[in-house]
Amino acid sequence: MGEPTAIFSIQDDQDREIHDILLEVYDALKEKGYNPVNQLVGYILSEDPTYITTYKNARTLIRKIDRDDLLQALVRHYLEV
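In this text, all values refer to a predicted model and were calculated from it rather than measured experimentally.

Student: Is there a simple way to explain the packing of aromatic side chains in this structure?
Tutor: Each aromatic ring pair is characterised by the separation of its centres together with the angle its planes make. Tallied over the entire structure, the rule returns zero aromatic pairs. Positioned above the aromatic ring of Y55 is the side chain of K32, whose terminal nitrogen or guanidinium carbon lies 5.2 Å from the ring centre.

Next up, the structure:
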């Protein structure tokens, strides 16, 4: 038989991009002495970009992610579905 068909998932690629951005933002916040989890939660709840430092372009990076997409990715990852 032939090779199995590769499955392409936009969702997986989007989640991977969100993951990479969150890690970069997390690291920037931590390097600047902030509590990254608290700052990210503040940003997610309010969508106020001032919760995120401009250090290492973190604020610009986090704003590339739509908040609804971010929340969906976080819930999917938390529930591992």
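Student: Help me understand the environment of I18 in this model?
Tutor: When you line up the elements, I18 lands in helix α1 (residues 10-31). Non-local contacts of I18, meaning those with residues more than four positions away in its chain, are made with I65, D69, L70 and A73.

Student: Would you take a moment to explain the side chain of Q39 for this structure?
Tutor: By the secondary structure assignment, Q39 is in helix α2 (residues 36-46). The residues contacting Q39, other than those within four sequence positions of it, are L29, Y34, Y51 and I52.

Student: Could you clarify how one ought to interpret the packing of α2 against helix α4 (residues 67-79) in this entry?
Tutor: Helix packing for two helices is described by the angle between their axes and how far apart those axes are. One way to put it is that α2 packs onto α4 with a least axis distance of 10 Å and a crossing angle of 125 degrees. On the basis of their axis angle, the class for α2 and α4 is oblique. The handedness of the crossing between α2 and α4 comes out as left-handed. Residue-level contacts link I44, L45 and S46 of α2 to R67, L70, L71 and L74 of α4. Split into classes, the residues belonging to the contact of α2 with α4 amount to five nonpolar, one polar and one charged.

About the criteria used
- Every chain is numbered independently, its residues counted from 1 as its sequence is written.
- For this predicted model, a pLDDT threshold of at least 70 governs which residues receive local features, and a threshold of 80 or more governs which side-chain atom pairs are given and counted, while totals over whole chains, interfaces and linings are taken from all residues.
- The basis for every side-chain value is the complete set of non-hydrogen atoms in the structure, without hydrogens or water.
- Between 30 and 60 degrees the pair is tilted, below 30 it is stacked and above 60 it is edge-to-face, where a pair is any two Phe, Tyr or Trp rings, Trp via its six-membered ring, whose centres lie within 6.5 Å.
- As a reminder, the over-ring test applies to NZ of lysine and CZ of arginine, requiring each to be within 6 Å of the ring centre and within 35 degrees of the ring normal.
- Here a helix means four or more residues in a row that DSSP labels H or I, a strand means two or more in a row labelled E, and each is numbered from the N terminus.
- In what follows, a contact means two residues having at least one pair of non-hydrogen atoms within 4.5 Å.
- Axis geometry follows a simple rule: fit a line to the C-alpha atoms, using only the stretch in contact for helices, then measure angles between N-to-C directions, giving values from 0 to 180 degrees.
- Orientation categories follow fixed angle ranges, with anything under 35 degrees roughly parallel, anything over 145 roughly antiparallel, 65 to 115 roughly perpendicular, and all other angles oblique.
- A crossing counts as left-handed when the near helix is turned anticlockwise from the far one by less than a right angle, and as right-handed when that turn is clockwise.
- In this count, Pro and Cys sit with the nonpolar residues alongside Ala, Val, Leu, Ile, Met, Phe, Trp and Tyr, while Asp, Glu, Lys and Arg are called charged and the others, Gly among them, polar.

Fair warning: the whole summary comes from geometry, so function is off the table for now.
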